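A look at the structure
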Amino acid sequence: MSSLGAYQSGLYKITAVRRLMRWLDATPHPGLVIEVTPERVSAARFTRAGSVDGFAVENLSPGVVVPSAIEPNIINASAVKTALTSLATSLKMKDEDAALLVPDPVIRVFVQHFDEFPRSTEEAIPMLRWKLKKSVPFEVDETLLSYMRQPSRGEGVDVVTSIARLRIIKEYESLLESIGVRPGVVLSSTLAAISLLEDRRPTLLARLSGTSLTTAIVREGVLAGYRCTELPATAAEITPQMLLEEVFPLAAYYQDTWQEGIQAVRVAGLYKRLPEFVRPLQDEFQCDVGSLLNSAISEGLLHNDVRPLADRELEGLVGWMMHKN
């Protein structure tokens, strides 16, 4: 199934089970996953049992990929194809399906409340397109849209909707097709990485990639909030105060809506700078703060064989493995 079909049929549904973001559908679940970010392309192959069968990373020069929901993303297709070809050689990719993870700014995610919501996809998708018409900077008729229902805190139903511009998704799909790989499913990197959160308590994820910061809050299988913003700095330049200012609005919204505070914070994308941010985040939220992947390993959510991927902060790839199993 192509990513277009996946979006239109609502493939990216999420259910409140033991871990967030498990697929309801049985297929497709490729064992090969490829991620494209502004800094690098990476790929991993997982066995049916969920163990790592190999991974590879190729760095990209600044400006080669510039994530955007509306403007062209692949500025230098030749450079990206060269990097992907190297990955294909390393992992022996050939005429197979892969999951494709794209930068968060490409796919807009909304958590909306409805007093009543249609049961059928045929009714739900036109309703969501109409409701989101003024919330996205492109024509909703040119989009790929997916949604899921989840429990509401009160009456009614909450709906998580993912929406992306078709022509932007096609840019990324074409890159995989150019190396003989079929993009069987497309997902934003953070939606894949959310699978790594232990969500028995309200947990906030702050994930940086390039100049994008994605903040998400999960609680017992529910995506309680999601926000993606552009920063004036990269992970190498951002300060703890800048990070706090960006994550605070969603945390405050959660506290007001759910009448409880954040009880754990997980961070990804800061690499060796994470220790500089732990104390300020602890002081602000008065809770445990740690690395997303390292915490997932210590909490028993992952096997130790993913440690090499954790060391490279390849949380999107590992998160896909959690989807797969």
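The rules behind the values
Residues numbered from 1 in each chain as written. Predicted model: local features only at pLDDT ≥ 70, side-chain atom pairs only at ≥ 80, totals over all residues. Heavy atoms only, no water. Axes fitted to C-alpha atoms, helices over the stretch in contact; angles between N-to-C directions. Helix = DSSP H or I, 4+ residues; strand = E, 2+ residues; numbered from the N terminus. Left-handed = near helix turned anticlockwise from the far one by under 90°. Contact = heavy atoms within 4.5 Å. Nonpolar A, V, L, I, M, F, W, Y, C, P; charged D, E, K, R; others polar. Phe/Tyr/Trp six-rings, centres within 6.5 Å; stacked < 30°, edge-to-face > 60°. Buried < 20%, exposed > 50% of the residue type's maximum accessible area, 1.4 Å probe, protein only. Core = buried A, V, L, I, M, F, W, Y, C linked by side-chain atoms within 4.5 Å. Polar contact = N/O pair within 3.5 Å; in protein donor to acceptor, adjacent residues only side chain to side chain. pLDDT = per-residue confidence, 0-100. Pairing = 2+ DSSP bridges.

Below, the discussion takes up the packing of helix α6 (residues 240–258) against helix α7 (residues 274–285). Two numbers describe how α6 lies on α7: the axes approach to 10 Å, and their chain directions differ by 35°. The two elements α6 and α7 cross, and the hand of that crossing is right-handed. Contacts from P240, L243, L244, V247, F248 and A251 of α6 reach α7 at E276, F277, P280, L281, E284 and F285. Partitioning the contact of α6 with α7 into residue classes produces 10 nonpolar, no polar and 2 charged.

The next point concerns the packing of aromatic side chains. Evaluated as defined, the whole model comprises 3 aromatic pairs. Aromatic pair F114 and F117: ring centres 5.0 Å apart, planes at 55°, arrangement tilted. Residue class for F114 comes out buried when judged on its relative accessible area of 6%. Look at F117 and you get buried, because its relative accessible area is 9%. Ring geometry for Y254 against W258: centres 5.6 Å apart, planes inclined by 20°, an arrangement best described as stacked.

Right, let's get into the nonpolar core. Judged by nonpolar contacts, the single largest core of 70 residues is most densely connected at L84, M93, Y172 and L302. Every residue in contact with L302, bar those within four places of it in the chain, is listed here: L196, L293, A296, I297, V318, M321 and M322.

With respect to the helices and strands, the residue T143 is situated in strand β6 (residues 143–150). Overall, T143 belongs to the buried group, its relative accessible area being 5%. At 2.5 Å, the side chain of T143 forms a polar contact with the side chain of R129. Here T143 is in contact with R129, F138, I163, A164, R165 and L166, once residues within four sequence places are set aside.

In this section: the confidence of the model for the protein chain. Confidence along the protein chain averages 87 in pLDDT terms, with 90% of residues attaining 70 or more. Across the protein chain, element-level confidence peaks in helix α2 (residues 77–90) with a mean pLDDT of 98 and bottoms out in helix α1 (residues 3–8) with 35. When the criterion is pLDDT under 50, residues 1–27 qualifies, and its contacts beyond four places in sequence or with other chains add up to 82 contacts.

The subject of this paragraph is the sheet that holds strand β7 (residues 157–165). The strand order β5-β7-β6 describes an open sheet built from 3 strands, whose pairing is antiparallel. A single partner strand is all that each edge strand has here, and the edge strands are β5 (107–114) and β6. Put simply, the sheet's adjacent strands are angled 20° from each other on average, direction ignored. Pairing geometry for β6 and β7, over 8 bridges, is antiparallel. For L145, the partnering residue across the bridge sits in β7 and is I163. The strands touched by helix α3 (residues 121–132) within the sheet are β5, β6 and β7, with β6 carrying the most contacts at an inclination of about 110°. Against the sheet, helix α4 (residues 166–178) makes contact with β5, β6 and β7, and its axis sits at roughly 65° relative to β7, the strand it touches most.

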